[in-house]
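Breakdown of the fold
Each chain is listed here by its residues.
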Amino acid sequence: MLGISRNQAITVLVVLAATLTVLALAGAGPEAWVPGAAVLGAVAALSVMVLRVQNALLREMRRLSITNKRADQRTQDLMNASAKKHEASDEALTAVQRQITDLRSSTKAWAGAAAQDREHLLALRKRMEEAEQKILSSNTRGNIDVVRQVESLLQLYPRTVSSGIPMPPTGGFALDAHSLLHLLHLVRSKRPTRIVEIGSGTSTIWVGHLCQELGIEMVSIDHLESYAKKTRDGLERHGLSGTVDLRLAPLQALEVEGETFNWYDIDAFSDLQDVDLLLIDGPPKATGPRARFPALPVLRDRLSPEATIILDDTNRKDEADILDSWRTHFPEFIPRDQGLSRLGVLTRGAAGRPEV
């Protein structure tokens, strides 16, 4: 209650008791006790005040000591945290510097590789130009065609094939490179949903790659098992078996517009409708005159309203006559891209409006 400890209060009481005892033993009368008691009371009060001040000072010193310890601990914690942050910052800075060094090394390596590739391309281009000039200097039609085929091949590979698997050869009985480039351009520009190819081979692989890229359905027809097997092996080698539906359809006698032809078993086409692009590269000429004529009359009703018809080998008289016959019998088909390659191209409906 007085702000002093229990021991201090007992000490004050003992002093008072001792003083009163001394007065009593000294023979002082009761009349001396009152002044003595007053003095003792004042002394006791002063003692209490001194003790209270002392006690308050001790408490304050303890509090300050605790506060100082806490402040010291907080300061130490802050110093430790700051040291850790500095350490983490140093590590992060070191990591960034290491990444920058690696990036510079990689960039330098890429720049070196790019420079080498550029040198190789420039060297190849120079050699091609020299070869082209040498061929053109001979001024022969055959050599000019060779240059055209080489130029077409240089355009075909980077635009169509990226797998690195060897592609089947062009030319001869197969589509030449110039015609293949024309054909693939038509596929890219028309973006058909369904393609039907009559006569499988080189074109099946080339067009199959593009169909796989663009998500186009393709059906290829062949009349000989030996040729179909070669094409099937090529499709498996190029990972195109799931893209191209290769069908075997032996040749049979078929009457079309009063004339009998050796043509494909029509059951092979029974499930086909809305064909957007029809590529005709068979049967071979050896099977009879105008062997490819039945294709349009037989499949006309299976074509989409804006279908495109492509006939190979129109540089030959037989196929040129077939193309003219189709234009006469089916006037809704309009010629397109005349003279671009050996392909004859007809389009139907809105897509078949004459070019301006």
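Remember, it's a predicted structure, so these values are computed and weren't measured experimentally. Counting starts from 1 at the beginning of each chain's written sequence and moves along it residue by residue. Under the rules for a predicted model, residues below a pLDDT of 70 receive no local features and side-chain atom pairs below 80 are neither given nor counted, while totals for whole chains, interfaces and linings still include all residues. Only hydrogens and water are removed before side-chain values are computed, so all heavy atoms of the structure are retained for them.

A look at the overall build of the protein chain
Every helix listed is a DSSP run of H or I at least four residues long, and every strand listed is a run of E at least two residues long, numbered separately from the N terminus. In terms of regular secondary structure, the protein chain is built from 8 helices and 9 strands. Buried residues are those whose accessible area, probed at 1.4 Å on protein chains only, stays under 20% of the maximum for their type, while exposed residues exceed 50% and partly exposed ones sit between those limits. Considering the protein chain as a whole, with its 356 residues, one finds that 34% of them fall into the buried category. Pairs of residues are marked as contacts when any of their non-hydrogen atoms sit within 4.5 Å. Restricting the contact set of the protein chain to residue pairs at least 6 apart, pairs at least 24 apart contribute 67%. For accessible areas, the Shrake-Rupley method is used with a probe of radius 1.4 Å. Any residue's cover is judged against the shown protein chains and nothing else. When the accessible area of the protein chain is evaluated, it comes to approximately 22000 Å², of which 58% is carbon and sulfur surface.

Topic: helix α5 (residues 202-214)
In a helix, the anticipated span is given by 1.5 Å times the number of residues less one. Its 13 residues place the ends of α5 19 Å apart at the C-alpha level, agreeing with the 18 Å of an ideal helix rising 1.5 Å per residue. Within α5, 10 of the 13 residues are buried, which leaves the element mostly enclosed by the surrounding structure. Regarding α5, the residues found buried are Thr202, Ser203, Thr204, Ile205, Trp206, Val207, Gly208, His209, Leu210 and Cys211. Positive backbone phi, at 75°, marks Gly215, one or two positions downstream of α5.

Comments concerning helix α8 (residues 317-329)
Here α8 spans 18 Å end to end across 13 residues, near enough to the 18 Å set by a 1.5 Å rise per residue. When α8 is considered as a whole, its buried residues turn out to be Asp318, Glu319, Ile322, Leu323, Ser325 and Trp326. All buried residues of α8 fall inside an arc of 160° around its axis, so they share one side. Seen from the open side of α8, the exposed residues pointing more than 90 degrees away from its buried face are Lys317 and Thr328. Buried residues along α8 sit against β6 (275-280), α7 (295-299), β7 (303-311) and β9 (344-348). Note that the arc is computed from the directions linking the helix axis to the C-beta atoms.

Side note on the nonpolar core
Core analysis: the biggest nonpolar cluster contains 30 residues, and Ile198, Phe269, Ile309 and Trp326 have the highest contact counts within it. When residues of this core are traced back to their parent elements, those giving at least two are β1 (194-198), β2 (217-222), β4 (251-256), β5 (259-264), β6, α7, β7 and α8. The element best represented in this core is β7, accounting for 4 residues. Each residue touching Ile198, except ones within four places of it in the same chain, is listed here: Ile221, Trp263, Tyr264, Phe269, Leu278, Leu279, Ile280, Asp281, Gly282, Ala295 and Leu299. If you look at the next biggest cluster of nonpolar residues, it comprises 24 residues, including Leu183, Val187, Ile216 and Met218. For this analysis, a nonpolar core means a set of buried residues of the types Ala, Val, Leu, Ile, Met, Phe, Trp, Tyr and Cys, connected via side-chain atoms within 4.5 Å.

Examining the pairing of β5
One face of the sheet, then the other: side chains in a regular strand alternate in exactly this way. As judged from the 6 bridges shared by β4 and β5, these two strands associate in the antiparallel manner. Note that in β5 the partner of Glu255 across the bridge is Thr260. The turn linking β4 back onto β5 is made up of 2 residues, and Glu257 within it adopts a positive phi angle of 50°. Paired strands, as defined in this entry, are two strands with at least two bridges between them according to DSSP.

Description of unusual backbone geometry
Cis rather than trans, the peptide bond between Gly282 and Pro283 has omega equal to 5°. You can see Pro283 is positioned in the loop between β6 and α7. In this model, Arg290 sits at a positive phi of 50°, which is unusual for a non-glycine residue.

Some words on the pattern of salt bridges
For this document, the term salt bridge refers to a Lys or Arg side-chain nitrogen within 4 Å of an Asp or Glu carboxyl oxygen. On inspection of all chains with the given rule, the structure shows 18 salt bridges. Between Arg292 and Asp313 there is a salt bridge, and its shortest N-O distance comes to 3.1 Å. One end of the pair, Arg292, is in the loop between β6 and α7; the other, Asp313, is in the loop between β7 and α8, with 21 residues separating them in the sequence. Overall, Arg292 belongs to the buried group, its relative accessible area being 4%. Across the salt bridge formed by Arg300 and Glu332, the nearest N and O atoms sit 3.0 Å from each other. With Arg300 in the loop between α7 and β7 and Glu332 in the loop between α8 and β8 (333-336), the pair connects residues that are 32 residues apart, well separated along the chain. Overall, the relative accessible area of 29% leaves Arg300 in the partly exposed class. On the basis of relative accessible area, Glu332 is assigned to the partly exposed category, the value being 24%. Through salt bridges with shared partners, one network takes in Asp281, Arg292, Asp312, Asp313, Arg316, Glu319 and Arg342.

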